[in-house]
Amino acid sequence: MQSLSKLCLGLAALVFSASSTFAAEKAPLKIGYVNGWDDSVAATFVAAEILQSKLGHTVELKPVEPAIMWQGVARGDLDATLSAWMPATHGEYYERLKDKVEVLGTNYAGAKIGLIVPEYVQAKSIADLDTYAADFDGKIIGIDAGAGVMRRAEDAVKEYGLTKIKLMPSSGPAMSTALARAEKAQKPIVVTGWIPHWMFAKWKLRFLEDPKNVFGDAERIDTVANPGINSKAPEATAFLKKFSWGADEVGSVMLEIRDGKKPEEAAKAWVEKNPERVAAWLK
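Structural notes, computed from the coordinates. Remember, it's a predicted structure, so these values are computed and weren't measured experimentally.

1. Regarding the overall build of the chain
Phase 1 of the analysis: Secondary structure assignment for the chain yields twelve helices and nine strands.
Phase 2 of the analysis: In terms of its C-alpha atoms, the chain occupies a principal-axis envelope of roughly 90 × 40 × 30 Å.
Phase 3 of the analysis: Split into buried and exposed, the 283 residues of the chain put 46% on the buried side.
Phase 4 of the analysis: In the chain, once contacts between residues fewer than 6 apart in sequence are set aside, the share between residues at least 24 apart is 81%.
Phase 5 of the analysis: Approximately 14300 Å² of the chain is accessible, and the part contributed by carbon and sulfur atoms is 53%.
Phase 6 of the analysis: Measuring between centres, the 35 positive side-chain charges of the chain sit 3 Å from its 36 negative side-chain charges.

Given below as structure tokens:
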């Protein structure tokens with residue numbers, strides 16, 4: 001009996017040792033995202049949940065500014081980011097660092113920036129803003145000064161010769177609050193914005209037409225990685241190459257976070273509700 005007990009203990013130790021070795025083989029990963037960008041938070045936390053719960057990696061998420069995010073991936077301080085807006089918004093970063101990073105794929109197609117209004121607003125194009133300036137109290141509600149969409153909005157005011165309406169910098173949350181108040185009162189408002197964003201899941205909105213193409217063509221959101229990830233975590237790399245979703249999917253996660261769920265909770269709930277989608281990415 002004593003010999004049998006020793007044998008069992010020996011086997012248990014061997015199994016534990018093997019499982020520990022297996023766990024150790026799963027390299028920890030660091031992923032950067034843009035803090036304050038709802039789409040960046042949603043995609044990053046969902047990808048991290050899958051990497052952890054399905055592939056066994058430890059994932060550290062780093063909220064950073066775009067320039068630091070790109071530099072971090074290029075240096076290897078970050079393994080990847082799912083928040084590369086291409087080809088315009090982050091095009092300058094890519095041109096400077098393209099020899100040090102690898103584009104794994106597009107995780108969201110059809111991204112766009114521009115001036116956004118509720119469906120009930122009469123103005124159809126940016127050129128109409130002067131005509132309806134009084135309806136908007138002479139204001140375009142913006143986000144942080146210096147943001148890519150704000151620089152384009154400044155250009156739009158000049159290109160379209162708008163003289164009766166001014167661009168007002170604020171912040172992402174302040175813009176969202178102003179939009180919520182306007183929607184509740186069914187009052188006209190024009191804001192700087194982009195898709196994917198939770199506000200498109202909550203209200204009926206549209207972009208003002210931009211015949212001069214000041215805001216550029218539709219963009220995409222790419223997953224960009226440090227080349228070292230290929231050998232460091234091949235299964236994770238294969239998943240990140242396949243991870244791609246649509247407006248309704250990312251919008252639902254963003255809206256849950258907006259309504260009070262922690263990002264990790266919203267991500268876990270989405271993964272649990274969409275097993276077939278997740279399985280397809282992991283094939």
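2. Remarks on the pattern of salt bridges
Phase 1 of the analysis: Throughout the structure, instances matching the rule amount to eleven salt bridges.
Phase 2 of the analysis: Across the pair Arg277 and Glu249 runs a salt bridge, and its minimum N-O distance is 2.6 Å. In this pair, Arg277 is assigned in helix H12 (residues 275–282) and Glu249 in helix H10 (residues 247–258), connecting sequence segments 28 residues apart.
Phase 3 of the analysis: Overall, Arg277 belongs to the partly exposed group, its relative accessible area being 30%.
Phase 4 of the analysis: Exposure remark for Glu249: the relative accessible area of 19% places this residue in the buried category.
Phase 5 of the analysis: For Glu256, the salt bridge is made with Lys273, and the minimal N-O distance between the two is 3.8 Å. Placement of Glu256 in helix H10 and of Lys273 in helix H11 (residues 263–273) is noted, with a sequence separation of 17 residues between them.
Phase 6 of the analysis: In this structure Glu256 comes out as partly exposed when scored by relative accessible area, which is 26%.
Phase 7 of the analysis: The exposure class of Lys273 is exposed, given its relative accessible area of 59%.
Phase 8 of the analysis: Counted as one network, the salt bridges with shared partners bring together Glu256, Lys261 and Lys273.

3. Structural notes on the nonpolar core
A general feature of soluble globular proteins is that nonpolar side chains tend to end up buried together.
Phase 1 of the analysis: If you look at the biggest cluster of nonpolar residues, it comprises 77 residues, and the most contacted ones within it are Val46, Leu115, Leu129, Val190, Phe239, Phe243 and Trp245.
Phase 2 of the analysis: Here this core takes nine residues from helix H2 (residues 38–53), the largest share from any one element.
Phase 3 of the analysis: Discounting chain neighbours no more than four positions away, the residues touching Val46 are Phe243, Trp245, Val253, Ala267, Trp270 and Val271.
Phase 4 of the analysis: Counting twelve residues, the second-largest nonpolar core is a separate cluster that includes Val34, Met69, Leu97 and Val101.

Calculation rules
Residues numbered from 1 in each chain as written. Predicted model: local features only at pLDDT ≥ 70, side-chain atom pairs only at ≥ 80, totals over all residues. Heavy atoms only, no water. Helix = DSSP H or I, 4+ residues; strand = E, 2+ residues; numbered from the N terminus. Buried < 20%, exposed > 50% of the residue type's maximum accessible area, 1.4 Å probe, protein only. Contact = heavy atoms within 4.5 Å. Areas by Shrake-Rupley, 256 points an atom, 1.4 Å probe, with all protein chains shown as cover. Lys, Arg positive; Asp, Glu negative; His and termini not counted. Charge placed at Lys NZ, Arg CZ, Asp CG, Glu CD. Salt bridge = Lys/Arg side-chain N within 4 Å of Asp/Glu carboxyl O. Core = buried A, V, L, I, M, F, W, Y, C linked by side-chain atoms within 4.5 Å.

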